[in-house]
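Overview (structure and organization)
For reference, the chains in residue letters:
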Amino acid sequence: MKLSKRTTLLIAALALSTLATAQNTSKKPALKETASAASAWPTRTVKLLVGFPGGSTPDMAARTLAEPLSRALGQPVIVENRPGASGNIAADLAAKATDDHTLAVVINGNLTSAKMLYAKLPYDPAKDFAPISLLTTAPLVLVAPINQPSGSDFFLAARNGGDKWNYGSVGNGSVGHLGMELLKSTAGNLGAVHVPYQGNPQVVTALLGGQIQMALVPPGIALPQIRAGKLKAIGLTSGRSALASEIPSLADAGVRNFNLEVWTALVGPANLSKAAQTRLAQEVPRIIRDQDTRQKLFNQGWQAVGTSPEGLTSRIRSETAIMRGIIAVRGIKIE
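These numbers were taken from a predicted model, which means no experiment stands behind them.

Here is what the cut-offs are and how they apply
Residues numbered from 1 in each chain as written. Predicted model: local features only at pLDDT ≥ 70, side-chain atom pairs only at ≥ 80, totals over all residues. Heavy atoms only, no water. Axes fitted to C-alpha atoms, helices over the stretch in contact; angles between N-to-C directions. Helix = DSSP H or I, 4+ residues; strand = E, 2+ residues; numbered from the N terminus. Parallel < 35°, antiparallel > 145°, perpendicular 65-115°, else oblique. Left-handed = near helix turned anticlockwise from the far one by under 90°. Contact = heavy atoms within 4.5 Å. Nonpolar A, V, L, I, M, F, W, Y, C, P; charged D, E, K, R; others polar. Pairing = 2+ DSSP bridges. Right-handed = clockwise from strand over helix to strand, strands pointing away. Salt bridge = Lys/Arg side-chain N within 4 Å of Asp/Glu carboxyl O. Buried < 20%, exposed > 50% of the residue type's maximum accessible area, 1.4 Å probe, protein only. pLDDT = per-residue confidence, 0-100. Core = buried A, V, L, I, M, F, W, Y, C linked by side-chain atoms within 4.5 Å.

The contact between helix H3 (residues 57-73) and helix H12 (residues 291-300) brings their axes to 10 Å, and the two run at 165°. Looking at the two axes, H3 sits roughly antiparallel to H12. With respect to the hand of their crossing, H3 and H12 are arranged in right-handed fashion. Two secondary-structure elements touch here, H3 through Met60, Ala61, Thr64 and Pro68 and H12 through Thr293, Lys296, Leu297 and Gln300. Tallied by class, the residues present in the contact of H3 with H12 amount to 4 nonpolar, 3 polar and 1 charged.

The next thing to look at is the sheet that holds strand S5 (residues 141-145). Sheet architecture is open: 5 strands sit in the order S7-S6-S8-S5-S9, paired in mixed fashion. The sheet is open, and its two borders are formed by strand S7 (193-196) and strand S9 (231-236), each paired with just one other strand. If you compare each strand with its neighbour and ignore which way they point, the axes differ by 30° on average. Bridging between S5 and S9 involves 5 bridges; their strand directions are antiparallel. By the bridge assignment, Ala144 is partnered in S9 with Lys232. Helix H8 (residues 175-186) rests against S5, strand S6 (166-169), S7 and strand S8 (214-217) of the sheet, and its axis sits at about 145° to S6. The sheet contacts of helix H9 (residues 200-209) involve S5, S6, S8 and S9, and relative to S8 the element is tilted by about 150°.

Right, let's get into the pairing of S6. Bridging between S6 and S7 involves 4 bridges; their strand directions are parallel. Bridge pairing links Asn166 to Val193 in S7. Read from S6 through H8 to S7, the crossover connection turns out right-handed. Inspection of the sheet shows S6 paired to S8 by 2 bridges, in the parallel sense. Opposite Gly168, over in S8, you have Ala215 as the bridge partner.

Below, the discussion takes up the pattern of salt bridges. Under the definition given, this model contains 15 salt bridges. One salt bridge in this structure joins Lys96 and Asp92, with 2.4 Å as the shortest N-O distance. When the shortest N-O distance is used, the salt bridge between Arg330 and Glu181 registers 3.2 Å. Placement of the pair is Arg330 in helix H13 (residues 309-330) and Glu181 in helix H8, with a sequence separation of 149 residues. Note on Arg330: relative accessible area 31%, which makes it partly exposed. Given a relative accessible area of 9%, Glu181 falls into the buried group.

Here the focus is the sheet that holds strand S3 (residues 102-107). Sheets are built from strands that pair by backbone hydrogen bonding, the pairs being arranged parallel or antiparallel. Here we have 6 strands laid out as an open sheet, ordered S2-S1-S3-S10-S4-S11, and mixed in their pairing. Here the strands that pair on one side only, and so sit at the sheet edges, are strand S2 (77-81) and strand S11 (303-304). When strand S1 (residues 46-50) meets S2, the two strands line up parallel, connected through 5 bridges. Paired with Leu48 across the strands is Val79, a residue of S2.

Moving on, we get to the confidence of the model for the chain. For the chain, per-residue confidence averages 88 on the pLDDT scale, and 88% of positions sit at 70 or higher. Low pLDDT (under 50) marks residues 1-34, which in the prediction has 5 contacts with non-local residues, meaning those over four places away or in another chain.

Membership of the largest hydrophobic core comes to 80 residues, with the highest contact counts inside it found for Leu65, Leu142, Phe155, Leu183, Met214, Leu266 and Val284. Among all residues touching Val284, those that are not within four sequence positions of it are Leu65, Leu69, Ile132, Ser133, Leu135 and Leu266. Grouped together as the second largest cluster of nonpolar side chains are 17 residues, Val203, Ile212, Ala215 and Leu231 included.

Structural data, given as structure tokens:
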């Protein structure tokens with residue numbers, strides 16, 4: 001078949017382009033990783049760092065994600081607990097990871113308030129992470145020892161108790177700490193003193209023992225004790241919720257304009273490969289939204305979300321602004 005001069009030139013140009021592409025590929029990686037490259041990640045065990053002890057609510061969320069994520073990726077996914085500094089130790093380890101297979105399940109404060117609270121925070125929440133997905137959300141429950149009054153009478157007792165009352169949280173700068181400081185102002189200048197603990201199980205133990213008079217605790221931790229008649233629920237921090245339908249909101253107890261949630265998110269270091277980010281952005285939201293996963297998380301006291309990376313970024317920005325206000329008003333700093 002006789003080819004036209006124009007067709008011959010076009011074929012020659014395509015051949016040269018193909019040769020140049022092959023040569024460039026042999027010299028350096030492609031700028032954009034393809035879907036096939038994304039599917040080639042991971043090549044070994046994936047590690048999920050959690051900054052709280054085993055049995056804590058972030059730990060349970062991470063372990064619920066790990067098994068189906070392992071099946072989806074075709075590699076083991078293990079959870080490694082590195083508790084301390086309100087989750088910032090694990091967050092810092094994840095931010096500095098260079099193996100392309102280390103991620104972290106973090107909570108609000110690690111991505112929103114930490115930089116405002118710590119003068120020497122070893123990582124930058126805005127620059128050192130690749131956001132992957134907002135995994136779960138939950139209201140907190142204001143809980144008290146069973147011998148305390150309910151509703152508005154509880155807040156009257158708390159105001160009368162002044163600084164003789166204590167409240168617990170999982171650490172300085174945690175959502176429970178900042179939320180209680182906001183509540184102290186919103187509910188009428190409460191004087192309760194903050195007592196930090198390593199994790200929510202320890203906070204509950206202190207409530208049961210009467211060492212503290214109140215705390216903001218995730219429903220998954222509080223409900224077993226509330227339903228057993230060992231702790232009293234004063235109210236939820238974000239209105240009524242299917243997670244704890246029998247518990248009133250704080251608004252029902254007379255506290256208006258108060259809304260607060262705790263959440264978990266999956267992040268990787270900023271240097272996480274595009275292949276890893278693409279694969280995780282495909283798999284994680286699907287897994288979190290799966291009915292079986294949703295039910296497991298619900299049973300733990302979590303509402304499944306499973307956003308895109310952009311959805312997580314938006315949540316970080318909006319909540320950072322809220323936390324900045326709490327920190328400024330209460331003058332909170334952590335050395």
